[in-house]
Amino acid sequence: MSEYFHCDHGLYIGGEQRPAIDGGWFDVLSPLDEMPLARVASAGEKDVAQAVAVACKGLDLWSGLAPKDREAVLLKAAQIMEAEGEARYLELLIRESGSCITKARFEISYTVDLLRTAAGEVRRLYGDTFPNDRPDRMSMVFREPLGVVAVVSPYNAPLALLCKMAAFPLAAGNSVVIKPSEETPIIALAFAKLLVEAGLPAEAVSVLPGFGVQCGAPLVNHSDIDGIALTGSTQTGKMIGAAAMQRMVPAQLELGGKSALLVLRDVDPERAAAIAVAGMFNHGGQICMANSRIIVEAPIYEAFCAAIKREAEALEIGNVFDNSCAYGPLINRRAVEKIQAHLDDAITRGATLLCGGKVHEGLVYEPTLVVNPPRDASIWREESFGPLASIVPAEDLDEAITLANDSDYGLSAGVLTLNMQWGFTAARRIKAGAVHIGMHSFQSNALAPVGGSGYSGVGRSGGKFSTEEFTELKWISVELGAAL
Ligand code: NAD
């Protein structure tokens, strides 16, 4: 059994683990069997104050290093993760987050990629110069770290997303205080320790396991926090965004999605169905970019529905340690209840169930597809964040684009067509942070600017776009004339 299970994990501050000052603990349950995996200290306001004070010291230590030395730390972290990530973290990821083995493996390898990409950004924090009104004056622009960044992370990809949210601010010279999801704090503790093992000053990264109100809120509201990175729900994003504006600190908000997949008339329905299933049911739909609204042009609608039903019903689910497993359990019982409520609402309002519709076993829910729900049903308007998608017909490309834009969210979209005129027309007109032609809406790339509009958030993360968000520009000028 892994060293992480059936033991106590303290808060991680300045390289040391300790209980919370108020003595709180909580059990982390495994979605695989809903049994406790380990007990974790529950941070409160006093712990936040301590961690932020430590991070202020960490900021001086870390931002004072030469860029090549910061780069070396992130590269070393990538090297350890590549060599030992599976041995150390695979079982933890599976048991703590309910990931199936292929998703857990992908998360580890993507984390390596993110660490290397972040390392590559360290030496590219370029400034600028610009001409002045007067010949004896010079102006230049520097990029400087924001300072101490609060990182508030979700449960669905608890290693890779946390790495994305922490490694780029670190690359830019910030220190970070991490508030991981209360569902998956153990992998966050392990990740921070790996960074310190790679040479990051221990003061530059702390982890405060705990709950949103008791720990997350005092962290993002702390007067010494200079920037915020949140990946989470739109509801949390609204609260954190408001808190950030109160204190006028920048907040990168990576929030929920209700992504559309357009299936246009020129594609093979069978191939399109396989792509739609891959984009929807990865990690049981617990993916912000899952294509949960599938819009199909009328001429191939019937054939597509028949094909996607076959594809979805053929998915192997539940046995997360099996390489052929498509997905495992949802994170907790509330997540299962939400899926059921969205499905019941759609069926009550006249939609048709194409396949699935019930719990497979434990917290594993069947791949579920609903045909033609009304546009005010929760399945169409709200993020379900589970294996539940709707399929609707569209008369033509124009109507398909209108339906895609019939959403408060704007994270990602896919357009399945071989006709690039149609593909680009849709890509330009769909309101989303990303549109993928010839593929589904769930795409990752460490260099890409990921983020959305509307309820999907504010800002972009990935590559240089992240380091830009976690630095601020400073104009420095120098007078060469005889002014003094
Ligand atoms: P969540 O909003 O419930 O929690 C996210 C984090 O916010 C957790 O650490 C939580 O404890 C904390 N939090 C909650 N209330 C808070 C408060 N008042 N103040 C400060 N912190 C608070 O989200 P979740 O359920 O963990 O994750 C799933 C959500 O994340 C989905 O909506 C999904 O779409 C979204 N997500 C978005 C992206 C993206 O790139 N846009 C990626 C992954 C997940």
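Our subject is the structure listed above.
About the cut-offs
- Residues numbered from 1 in each chain as written.
- Predicted model: local features only at pLDDT ≥ 70, side-chain atom pairs only at ≥ 80, totals over all residues.
- Heavy atoms only, no water.
- Helix = DSSP H or I, 4+ residues; strand = E, 2+ residues; numbered from the N terminus.
- Rg over C-alpha atoms; globule rule 2.2 N^0.38 Å.
- Buried < 20%, exposed > 50% of the residue type's maximum accessible area, 1.4 Å probe, protein only.
- Areas by Shrake-Rupley, 256 points an atom, 1.4 Å probe, with all protein chains shown as cover.
- Lys, Arg positive; Asp, Glu negative; His and termini not counted.
- Charge placed at Lys NZ, Arg CZ, Asp CG, Glu CD.
- Contact = heavy atoms within 4.5 Å.
- Phe/Tyr/Trp six-rings, centres within 6.5 Å; stacked < 30°, edge-to-face > 60°.
- Lys NZ or Arg CZ within 6 Å of the ring centre and 35° of its normal.
- Pairing = 2+ DSSP bridges.
- Core = buried A, V, L, I, M, F, W, Y, C linked by side-chain atoms within 4.5 Å.
- Near = heavy atom within 4 Å.
- Polar contact = N/O pair within 3.5 Å; in protein donor to acceptor, adjacent residues only side chain to side chain.
- Nonpolar A, V, L, I, M, F, W, Y, C, P; charged D, E, K, R; others polar.
- Axes fitted to C-alpha atoms, helices over the stretch in contact; angles between N-to-C directions.
- Salt bridge = Lys/Arg side-chain N within 4 Å of Asp/Glu carboxyl O.
- Arc of directions from axis to C-beta.

## A few points about the overall build of the protein
Here is step 1: Across its full length, the protein holds 14 helices and 25 strands.
Here is step 2: Computed over the C-alpha atoms, the radius of gyration of the protein is 23 Å, within 12% of the 23 Å expected from 2.2 N^0.38 for a compact globule of 484 residues.
Here is step 3: Burial status across the protein gives 56% buried among its 484 residues.
Here is step 4: By element, 54% of the accessible surface of the protein is carried by carbon and sulfur atoms, the whole surface being about 19400 Å².
Here is step 5: Positive and negative side-chain charges of the protein, numbering 41 and 58 respectively, have mean locations separated by a distance of 3 Å.

## Observations concerning the environment of Val371
Here is step 1: For Val371, the position within the fold is in strand S18 (residues 368–371).
Here is step 2: Residue Val371 is classed as buried on the basis of its relative accessible area, which comes to 15%.
Here is step 3: Taking the C-alpha atoms as reference points, Val371 and Ala314, separated by 57 residues in sequence, lie 19 Å from one another.
Here is step 4: Those residues in contact with Val371, other than ones at most four positions away along the chain, are Tyr301, Ala351, Thr352, Leu354 and Ile391.

## Quick look at the packing of aromatic side chains
The way to describe two aromatic rings as a pair is by their centre distance and the angle between their planes.
Here is step 1: Evaluation of the coordinates by the stated rule reveals six aromatic pairs.
Here is step 2: Considering the side-chain rings of Phe281 and Tyr327, the 6.5 Å spacing of their centres and the 20° angle between planes classify their relative orientation as stacked. Taken together, the residues span a long stretch of sequence, with Phe281 in helix H8 (residues 269–281) and Tyr327 in the loop between helix H9 (301–313) and helix H10 (333–348) at a distance of 46 residues.
Here is step 3: You can call Phe281 buried: its relative accessible area is 2%.
Here is step 4: Its guanidinium or amino end placed over the ring of Trp380, Arg293 lies 4.7 Å from that ring's centre, counting from NZ or CZ.
Here is step 5: Geometry around Trp380 places Arg375 over its ring, the cationic atom sitting 5.3 Å from the centre.

## Here's the deal with the sheet that holds strand S1 (residues 8–9)
Here is step 1: Pairing in this open sheet of three strands is mixed, and the strands run S1-S5-S4 from one edge to the other. In this open sheet, the two edge strands, each paired with only one partner strand, are S1 and strand S4 (25–29).
Here is step 2: Bridge analysis of S4 against strand S5 (residues 36–41) gives five bridges, and the strand direction is antiparallel. What sits directly across from Leu29, in S5, is Pro36.

## A word on the nonpolar core
Buried together is how nonpolar side chains tend to be arranged in soluble globular proteins.
Here is step 1: Membership of the largest hydrophobic core comes to 65 residues, with the highest contact counts inside it found for Met81 and Leu115.
Here is step 2: With eleven residues, helix H2 (residues 67–97) is the single largest residue contributor to this core.
Here is step 3: Ignoring anything within four residues of it in the chain, the contact list for Met81 reads Tyr89, Ile108, Thr111, Val112, Leu115, Leu159, Phe191 and Leu194.
Here is step 4: Counting 34 residues, the second-largest nonpolar core is a separate cluster that includes Leu261, Met280, Val296 and Ala312.

## Observations concerning the site of the ligand
Here is step 1: Around the ligand, the structure places 27 residues, and the nearest of them are Lys179, Glu182, Ser233, Thr236 and Glu383.
Here is step 2: At a separation of 2.6 Å, an oxygen atom of the ligand approaches a polar side-chain atom of Lys179.
Here is step 3: Between the ligand and the protein, one listed contact pairs an oxygen atom with a backbone N or O atom of Gly232 at 3.3 Å.
Here is step 4: Taking 850 Å² as the accessible area of the ligand by itself, protein coverage stands at 89%.
Here is step 5: Elements with a minimum of two residues in the shell around the ligand: helix H6 (212–221), strand S11 (227–231) and helix H7 (234–247).
Here is step 6: When grouped by side-chain class, the residues that make up the shell around the ligand number 13 nonpolar, ten polar and four charged.

## A few points about the side chain of Ser292
Here is step 1: Among the structural elements, Ser292 can be located in the loop between H8 and strand S14 (293–297).
Here is step 2: Those residues in contact with Ser292 that lie beyond four places of it in its chain are Lys258, Ser259, Met280, Leu388, Ala389 and Ser390.

## So, the sheet that holds strand S7 (residues 137–145)
Hydrogen bonding along the main chain pairs the strands of a sheet, whether they run parallel or antiparallel.
Here is step 1: Here we have three strands laid out as an open sheet, ordered S6-S7-S25, and antiparallel in their pairing. What marks the edges here is a single partner per strand, and that holds for strand S6 (128–130) and strand S25 (471–479). Taken over all neighbouring pairs, the strand axes of this sheet differ in orientation by 25° on average, direction set aside.
Here is step 2: Judged from the three bridges that link them, S6 and S7 form a sheet pairing that is antiparallel.

## Description of the pattern of salt bridges
Here is step 1: The full count for this structure, using the stated rule, is 27 salt bridges.
Here is step 2: For the salt bridge of Glu183 with Arg334, the shortest nitrogen-to-oxygen distance reads 3.6 Å. On the criterion of sequence distance, the pair formed by Glu183 in the loop between strand S9 (175–179) and helix H5 (185–197) and Arg334 in helix H10 is long-range, its members being 151 residues apart.
Here is step 3: Classification of Glu183 by relative accessible area gives buried; the value is 18%.
Here is step 4: For the salt bridge of Glu313 with Lys309, the shortest nitrogen-to-oxygen distance reads 3.0 Å. Remark: Lys309 and Glu313 occur in helix H9; sequence separation between them is four residues, near one turn of the helix.
Here is step 5: Each of Arg134, Asp136, Arg137 and Glu479 takes part in salt bridges that share partners, so that together they form one network.

## Concerning helix H12 (residues 397–404)
Here is step 1: Looking at H12, one finds that the buried residues are Leu397, Ala400, Ile401, Leu403 and Ala404. Down the axis, H12 shows its buried residues gathered within 160° of arc, on one side only.
Here is step 2: Looking at the buried residues of H12, the elements they touch are strand S13 (260–263), S14, helix H11 (378–381), strand S19 (388–394) and helix H13 (420–429).

All we've got here are geometric facts, nothing functional implied.
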